[in-house]
Amino acid sequence: MKKAQWKEGEDTLVVDLDVKQANWSQSPALELAKDYLLAGQLVSFPTETVYGLGGDGLNPEACLNIFAVKRRPADNPLILHVDSLDMAKRLVTKEAGNVMDKWEGVLAKLWPGPLTLIFHRSELVPDVVTAGGDTVAIRMPDHPIAKSLIQMTEKPIAAPSANRSGRPSPTNAQDVYEDLAGAIPLIVDGGECNIGIESTVVDMTGPYPIILRPGFYTKEILESHFGQVGYDEAILGENQVPRSPGQKYKHYAPKAEMMIFVGDLDQVDRCLQEEAVKKEHEGKRIAALIFEENEIPQGIDDIIVQSSVHDPETMSHNLFSNLRELDRRGADLILAVGFNEDEGLAVSIMNRMRKSASNHVIIC
Ligand code: TXA
Ligand code: MG
C-alpha cells in the first residue's frame, strides 16, 4: 500500500489483529486504538456489518471530526455503539429506558447484532451526534474488536460506516484505507466483515417499530420478535422524504454508472446482453455483476459472479466489495442483475443496489 500521512511525519497505520489468536485482546494495537479514541482522535475498526469510523461518542469535537473526515452532510446523525443495556439507557430518556425494559427479552436476542434502534435522547448525548435532533441511534455491535474498544474506553463509540460519504461502505481494511488514508491515524484490520451490509435502523419512538433503513435483520425477523413492524414510507415510495436522513443521499455508489436488471432469468440474460452490445459500441469499459444462474454475457470486460440467486447472504457479503473492485478495474458501466422478490434480505440488498445505481432499474 502507498503510505499517506494523517499529520506531519505520521502515516496512517493499518494494524492487523487476528482475533483467533490467544491474548489478542491485550494487543498493543487495541491499546493504541483506545489511546487515540480517548484523546479525541478517530480510529477505523471492524464490526460484523461493515467497518466503522469511530470516535468518542461523548466528545463533540471528535464527532465533528467524523463529519469532516467522511465529508458527511451535517444533518445526517451518527450511531452510538454500546456494549451493554446500561450504557444504552444512559443515552436515552427515562421513558425510552422503560421501552428498553419492556423489550428487554427481545433485545437480549437481537443485541449484540446488526440492529440500530432510535430512541429519544438524554442530555448526555452531544448535539452533533444527533444532528440537533431529539432522537439518538444506538447499536450494540457483535464483533470482538468493536466490543473490546467500547469496553476499554468505557465510552459509547460514534461510528458511521468508514467510507467517504457517497461511496460503498467498506467491508475490509483495504477499502477503508482507499477512502481514509491520510485522514485518520489508525485502521484496525480485523479481516473481512461477515455480513457486508449495514445494520437495520428501526425507530422505536412510536406505537410500534418502524424500519427506517432495511438491513441484515429483515422485517420478517423483526416481526417474529416485536410483533407489528412497519416500513418508513420513503423506503417503499419514490418521492417521500425519508426519516432516516442517510437514506436521502446518493449512497453506496461506485464511480461507474450502474444499471440493474430484474425479471425472469432468461429475459434478464437477453436484456443485459442487448445493453452490453449497445454500450460496447460507445466504447465503454463494461462490467457485469451476475448470479450463478445467469448466462455468462459476451463482450464484457469484467464479470463477477456474486452468489446464487437463492443465496442473498453471500450476495450481501460481496456486494460492496465487488462494487469497489469494479471501480479499481476502471469500469465505466456496471450491468448488475437484481432480485425480484420484495421480502427478506433481498429488500435490503435491492435498497443498496438502487441507491448505487441512482434507481436506474430495467424491468426485463
Ligand atoms: O451497520 C451499521 O449500522 C454501520 C456500523 C459501522 O455500525 N454503521 C452505519 O452508520 O451504517 P451510518 O452512519 O453509515 O448510517 C447510519 C444511518 C444513517 O442512514 C442515518 O441517517 C441513520 O442511521 N440515523 C442515525 N441517527 C438517526 C436518528 N436519530 N434518526 C433517524 N435516523 C438516524
Ligand atoms: Mg454509511
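Residues numbered from 1 in each chain as written. Chains lettered and ligands numbered in written order. Predicted model: local features only at pLDDT ≥ 70, side-chain atom pairs only at ≥ 80, totals over all residues. Heavy atoms only, no water.

Undergrad: A description of the overall build of the protein should follow, citing residues and the corresponding values.
TA: Counting its regular elements, the protein contains 13 helices and 18 strands. For 364 residues, the compact-globule estimate of 2.2 N^0.38 gives 21 Å, and the protein sits close to it at 21 Å. Principal-axis analysis of the C-alpha atoms gives the protein an extent of 60 × 55 × 40 Å. Expressed as a percentage of its 364 residues, the buried residues of the protein come to 57%. Sequence-distant contacts in the protein: of pairs separated by 6 or more residues, those separated by 24 or more amount to 68%. When the accessible surface of the protein is totalled, it reaches about 15,500 Å², and 47% of it is carbon and sulfur. (Helix = DSSP H or I, 4+ residues; strand = E, 2+ residues; numbered from the N terminus. Rg over C-alpha atoms; globule rule 2.2 N^0.38 Å. Buried < 20%, exposed > 50% of the residue type's maximum accessible area, 1.4 Å probe, protein only. Contact = heavy atoms within 4.5 Å. Areas by Shrake-Rupley, 256 points an atom, 1.4 Å probe, with all protein chains shown as cover.)

Undergrad: Provide a residue-level description of the site of ligand 1, including the pertinent values.
TA: Taken together, 26 residues sit near ligand 1, with Thr49, Asn76, His81, Ser199 and Gly246 positioned nearest. At 2.7 Å, a side-chain N or O of His81 approaches an oxygen atom of ligand 1. Side-chain polar atom of Arg213 to an oxygen atom of ligand 1: 2.9 Å apart, as the coordinates give it. Relative to its unbound accessible surface of 680 Å², ligand 1 loses 97% to contact with the protein. For the shell around ligand 1, the secondary structure elements donating two or more residues are β6 (79-81), β8 (135-139) and β12 (210-213). When residues of the shell around ligand 1 are assigned to their parent elements, the largest contribution, 4 residues, is made by β8. Of the residues that constitute the shell around ligand 1, the class distribution is 12 nonpolar, 9 polar and 5 charged. (Near = heavy atom within 4 Å. Polar contact = N/O pair within 3.5 Å; in protein donor to acceptor, adjacent residues only side chain to side chain. Nonpolar A, V, L, I, M, F, W, Y, C, P; charged D, E, K, R; others polar.)

Undergrad: Explain the sheet that holds strand β16 (residues 302-307) residue by residue, including any values.
TA: Spatially, 5 strands are ordered β16-β15-β17-β14-β18 in an open sheet, and the strand pairing comes out parallel. Here the strands that pair on one side only, and so sit at the sheet edges, are β16 and β18 (361-363). Averaged over all pairs of adjacent strands, the angle between their axes in this sheet comes to 20°, without regard to strand direction. One ladder, built from 5 bridges, connects strand β14 (residues 257-262) with strand β17 (residues 333-337); its direction is parallel. Across the sheet, Met258 pairs through a bridge with Ile334, a residue of β17. Lying over the sheet, helix α11 (residues 265-281) contacts β14, β15 (286-291), β17 and β18, oriented at roughly 155° with respect to β14. (Pairing = 2+ DSSP bridges. Axes fitted to C-alpha atoms, helices over the stretch in contact; angles between N-to-C directions.)

Undergrad: Tell me what's going on with the packing of helix α1 (residues 28-38) against helix α7 (residues 144-153), and back it up with residues and numbers.
TA: It is at 10 Å that the axes of α1 and α7 come closest, and there the two elements cross at 55°. Our classification of the angle between α1 and α7 gives oblique. In terms of crossing hand, the pair formed by α1 and α7 is right-handed. Along the contact surface, α1 presents Leu30, Glu31, Ala33, Lys34, Leu37 and Leu38, while α7 presents Ile145, Ser148, Leu149, Met152 and Thr153. Within the contact of α1 with α7, the residues separate by chemical class into 7 nonpolar, 2 polar and 2 charged. (Parallel < 35°, antiparallel > 145°, perpendicular 65-115°, else oblique. Left-handed = near helix turned anticlockwise from the far one by under 90°.)

Undergrad: Break down the pattern of salt bridges for me, citing the residues and quoting the values.
TA: Scanning the entire structure with this criterion turns up 24 salt bridges. Here Arg121 and Asp127 are joined by a salt bridge, their closest N and O atoms 2.7 Å apart. You can call Arg121 buried: its relative accessible area is 16%. Judged by relative accessible area, Asp127 falls into the exposed class, the value being 51%. With a closest N to O distance of 3.1 Å, Asp302 and Arg329 form a salt bridge. Here Asp302 is found in strand β16, whereas its partner Arg329 is found in the loop between α12 (312-328) and β17, with 27 residues between them in sequence. Looking at Asp302, the relative accessible area reads 8%, which means it is buried. Residues participating in the shared-partner salt-bridge network are Arg167, Asp175, Glu178, Asp179, Arg285, Asp302, Arg324, Glu325, Asp327, Arg328 and Arg329. (Salt bridge = Lys/Arg side-chain N within 4 Å of Asp/Glu carboxyl O.)

Undergrad: Any chance you could break down unusual backbone geometry for me, citing the residues and the numbers?
TA: Residue Trp111 is joined to Pro112 through a cis peptide bond whose omega torsion reads -5°. The topology assignment puts Pro112 in the loop between α5 (104-110) and β7 (115-120). For Ser358, which is not a glycine, the phi torsion comes out positive at approximately 45°. The phi torsion at Asn359 lies on the positive side, around 65°, for a residue other than glycine. Note on placement: Asn359 falls in the loop between α13 (345-356) and β18.

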